[in-house]
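# An overview of the molecular structure
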Amino acid sequence: MHKKIFFRLYILLHSRILNIRMKKLLYLSLSLPFFAIAELKFEAQLLHKDNIESLAVGDVDMDGDLDVVAGERYYLNPDWKPIKFGSIEPFGKDYMKDNGDYLYDVDGDGDLDVIAGQFTLSVVLWFENPGKEGLLTEDLWLKHELAETGYKHNEIIFFRDMDGDSIPE
């Protein structure tokens, strides 16, 4: 089926109605996804099962690979073993208070710290990455208060540059 679609696109692109620029643009925009889709392969892997509703992806251990942070655990690429770095309170029987995870170097030491919103607390927390050596110990990270929202039901947090200075607020 892909060969038929590609052949039809090929004929369309080489018709004399289109100018040379349009031919190149259409050829690239229509044919590349077919090749890319054929080569992409994904494998699903369950990392951990809990009630966390958010995650962040970044290089937590500074080894050049993307790692995952979700709730109170992080997962280092390529082993993906769940490592607990903090403690998050449950909310009811089906939820955790964590509702937004972001990775950012809060303390300016060069590694990614975890920023975590809390649903039923009025604070946004950040967990201090202990650095490459500290990650090997699997001790809990230091917990700090990043912001006091003044509200006890913070449904979600966003971490974006709001004033154009390239620093997220």
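I will try to describe carefully the structure that is included in this document. (Residues numbered from 1 in each chain as written. Predicted model: local features only at pLDDT ≥ 70, side-chain atom pairs only at ≥ 80, totals over all residues. Heavy atoms only, no water.)

A side chain of one charge can pair with a side chain of the opposite charge when the charged atoms of the two come close. What the rule picks out here adds up to four salt bridges. Measuring nitrogen to oxygen at the nearest pair gives 3.3 Å for the salt bridge that ties Arg73 to Glu72. With respect to class, Arg73 is no different from Glu72; both count as buried. Residues joined in a network through salt bridges with shared partners are Asp50, Glu72, Arg73 and Lys84. (Salt bridge = Lys/Arg side-chain N within 4 Å of Asp/Glu carboxyl O. Buried < 20%, exposed > 50% of the residue type's maximum accessible area, 1.4 Å probe, protein only.)

A few words on the packing of aromatic side chains. Summed over the entire model, instances satisfying the criterion amount to four aromatic pairs. Their ring planes at 45 degrees and their centres at 6.2 Å tell us that Tyr74 and Phe85 sit as a pair that is tilted. Of this pair, Tyr74 sits in strand β3 (residues 73-75) while Phe85 is found in the loop between β4 (82-84) and β5 (90-91), placing the two residues eleven residues apart along the sequence. Here Tyr74 and Phe85 have matching classes, each one buried. Aromatic pair Tyr74 and Trp141: ring centres 5.4 Å apart, planes at 40 degrees, arrangement tilted. Highlighted residues: Tyr74 in strand β3 and Trp141 in the loop between α3 (131-135) and β10 (142-148), separated in sequence by 67 residues. Side by side, Tyr74 and Trp141 carry an identical accessibility label, which is buried. (Phe/Tyr/Trp six-rings, centres within 6.5 Å; stacked < 30°, edge-to-face > 60°. Helix = DSSP H or I, 4+ residues; strand = E, 2+ residues; numbered from the N terminus.)

What follows covers the sheet that holds β4. The strands making up a sheet associate through hydrogen bonds between their backbones, and the pairing can be parallel or antiparallel. With respect to topology, four strands assemble into an open sheet ordered β1-β2-β3-β4, the strand pairing being antiparallel. In this open sheet, the two edge strands, each paired with only one partner strand, are β1 (56-58) and β4. Looking at each pair of strands side by side, their axes are set apart by 25 degrees on average, direction ignored. In this sheet, β4 lies alongside β3 in antiparallel orientation, the contact comprising three bridges. (Pairing = 2+ DSSP bridges. Axes fitted to C-alpha atoms, helices over the stretch in contact; angles between N-to-C directions.)

All right, on to the sheet that holds strand β8 (residues 113-118) then. Within the open sheet, the four strands sit side by side as β7-β8-β9-β10. Their pairing is antiparallel. Here the strands that pair on one side only, and so sit at the sheet edges, are β7 (98-104) and β10. Going from strand to strand, the sheet's axes swing by 25 degrees on average, the running direction of each strand aside. Where strand β9 (residues 123-128) meets β10, six bridges bridge the pair, whose relative direction is antiparallel.

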